Amino acid sequence: MTVQPKLRFKGFTDDWEKRRLGDTLKNLKSGLSRMLLNEDIGLPVIRANNINSGKVNMKDNVKYWYIEDPKGVNTSNYLIHKNNILINFINSEAKMGTAAIVLNEPIRNTIYTTNILKAEVNEDYNANFWLSLTQTEHYKNDIKIITKPAVNQASFTTVDFKKLNYNFPFFEEQQKIGSFFQTLNHLITVNQRKVDLLKKKKSAYLQKLFPKTGSNIPELRFKGYTDAWEKRRLNEIAEFNPKSTLPDVSEYVDLGSVDETRMISHRTETKVNAPSRAQRVAKIGDVFYQTVRPYQKNNYLFKMDSNEYVFSTGYTQLRPKYSPEFLLVRIQENTFVRRVLDRSTGTSYPAINSNDLAKIEINVPDGTEQLNIGHLFLALDNLITVNQRKVDLLKKKKKALLQQMFI
């Protein structure tokens, strides 16, 4: 029986051979097992939170360890070096088994904590191939099987981990596959970086183009505008829950169908069988505000020229008098969300009713300035969407190739 993947690089025909993970690694060792300090008084420590997308990120949420451990632990035994493989084995089940390669020698002496296994890939195996293997569904399912759930932290043993079996090709084919996925990962990273930079740019504009608390004039304005912004209730700048007639067949948008201003799902419903909450018939330019758990900020600007979409009454429907883009950005602001939460009822599922939402006041400029600000944020959102779509497509392509190029 031949053992070969569905998709291979030209020139490779040999069968892949079964290997235990324990035979592909050496010097497998878990890290320090005590609580970390919050203060920067020593050595940076790699934890599960620092492992993302196959890489080690030490820019955010870094913890530190004593330079000289008061209990006599020799921290030099836990130093991280270039090309080390790091595997998360004690953490939330979602992160179990995730792995990363240390791409560069750390600038400072860096160690790792108890929820991480450190290892080196044996000479007959390629590190990038090994890392790609840990991103396959086969591997993820095996990790679920060996993981033992617990009240605080799930975990698996190194003994069970080393017993896992996978098919490996000869080293040259491993190199080819590993290099291919390394390039694909780089493309994903580059495009994700563009998304992150655009989001930072948007955040900076949000701070400068809108007045700060206690002020009615923003720091940055379009040329020609000098008038102070004026306080207006939301129901003065938008019509709330306009009356409409339900279509015979509709596309129903429920709570959970919108994620961070993006519609991610909807379902076809007939007028007879539609849920009783299906009441808000969308019109192009309408803004839908999530009234349950508003801190999630899953609000949506409807841009389609269609009368077939019907939103749940879990959303308040706002029909702006000027710029819908301006209104959407305004209600996404953290300061606005805090004011909504102050008027909400409930603890686990805080909610605000449409009448209370309508009474909230915000500073607004005249209609033309609203339009200019709205157009700017619309352009930024479109750029973010385009680049995010590239990331999503590359990730989808990677997932498909992982299924075809591994056994």
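Keep in mind that what you see is a predicted model, and the values were worked out from it rather than measured. (Residues numbered from 1 in each chain as written. Predicted model: local features only at pLDDT ≥ 70, side-chain atom pairs only at ≥ 80, totals over all residues. Heavy atoms only, no water.)

On to the packing of helix H7 (residues 324–332) against helix H10 (residues 367–405). The interhelical angle for the contact between H7 and H10, taken along N-to-C directions, is 75°, at an axis separation of 7 Å. Classified by the angle between their axes, H7 and H10 sit roughly perpendicular to one another. Seen from H7, the contacting residues are Glu325, Phe326 and Val329; seen from H10, they are Gln370, Ile373, Gly374, Phe377 and Leu378. Per-class residue counts for the contact of H7 with H10 are 5 nonpolar, 2 polar and 1 charged. (Axes fitted to C-alpha atoms, helices over the stretch in contact; angles between N-to-C directions. Helix = DSSP H or I, 4+ residues; strand = E, 2+ residues; numbered from the N terminus. Parallel < 35°, antiparallel > 145°, perpendicular 65-115°, else oblique. Contact = heavy atoms within 4.5 Å. Nonpolar A, V, L, I, M, F, W, Y, C, P; charged D, E, K, R; others polar.)

Our next topic: the side chain of asparagine 185. With respect to the helices, strands and loops of the structure, asparagine 185 is situated in helix H5 (residues 171–209). Within the structure, the side chain of asparagine 185 is placed 2.7 Å from the side chain of lysine 398, a separation counted as a polar contact. (Polar contact = N/O pair within 3.5 Å; in protein donor to acceptor, adjacent residues only side chain to side chain.)

With that settled, consider the layout of surface pockets. In this structure, the second largest pocket spans a volume of roughly 1,500 Å³. For the second largest pocket, the lining is made up of 44 residues, of which Lys202, Leu206, Thr261, Val329 and Gln332 are closest to its centre. If you list the elements that add at least two residues to the lining of the second largest pocket, you get H5, strand S18 (262–263), strand S22 (300–301), H7, helix H8 (334–342), strand S25 (361–364) and H10. Per-class residue counts for the lining of the second largest pocket are 14 nonpolar, 13 polar and 17 charged. (1 Å grid on protein atoms, 1.4 Å probe; cavity = no way out; pocket = protein on both sides within 12 Å on 5 of 7 lines; lining within 4 Å. Points joined across faces, edges and corners; volume = space filled by probe spheres on them.)

Structurally, alanine 274 can be placed in the loop between strand S19 (267–270) and strand S20 (278–281). The spacing of alanine 274 and lysine 399 is 125 residues in sequence and 36 Å in space, taken between C-alpha atoms.

Bringing the pairing of strand S16 (residues 249–253) into the picture now. Within a regular beta strand, the side chains point alternately toward one face of the sheet and then the other, so they alternate between its two faces. Of all the 5 residues making up S16, 4 are buried; the element is thus mostly covered by neighbouring parts of the structure. Pairing geometry for S16 and S19, over 4 bridges, is antiparallel. Note on S19: the bridge partner recorded for serine 250 is glutamate 269. As paired strands, S16 and strand S23 (residues 309–312) are joined by 3 bridges and run parallel to one another. (Buried < 20%, exposed > 50% of the residue type's maximum accessible area, 1.4 Å probe, protein only. Pairing = 2+ DSSP bridges.)

A side chain of one charge can pair with a side chain of the opposite charge if their charged atoms are brought near each other. Overall, the coordinates contain 15 salt bridges when judged by the stated rule. One salt bridge connects arginine 19 with glutamate 17, and the closest N-O pair in it is separated by 2.8 Å. Take arginine 19: its relative accessible area is 30%, and that puts it in the partly exposed class. Aspartate 259 is the partner of arginine 262 in a salt bridge, and the nearest nitrogen-oxygen pair spans 3.4 Å. (Salt bridge = Lys/Arg side-chain N within 4 Å of Asp/Glu carboxyl O.)

In this section: the sheet that holds strand S3 (residues 42–46). Pairing in this open sheet of 3 strands is mixed, and the strands run S6-S3-S10 from one edge to the other. At either margin of the open sheet sits one strand with a lone partner, and together these are strand S6 (63–66) and strand S10 (111–112). Pairing analysis gives 4 bridges linking S3 to S6, with the strands arranged antiparallel. Paired with proline 44 across the strands is tyrosine 64, a residue of S6.

Next up on the list: H8. Think of an α-helix as turning once every 3.6 residues; residues three or four places apart then point the same way. Taken as a whole, H8 has its buried residues at Phe336, Val337 and Val340. Along the axis of H8, the buried positions cluster into a sector of 100°, meaning they face one direction only. The elements touched by buried residues of H8 are helix H6 (234–237), strand S21 (287–290), H7, helix H9 (354–358) and S25. (Arc of directions from axis to C-beta.)

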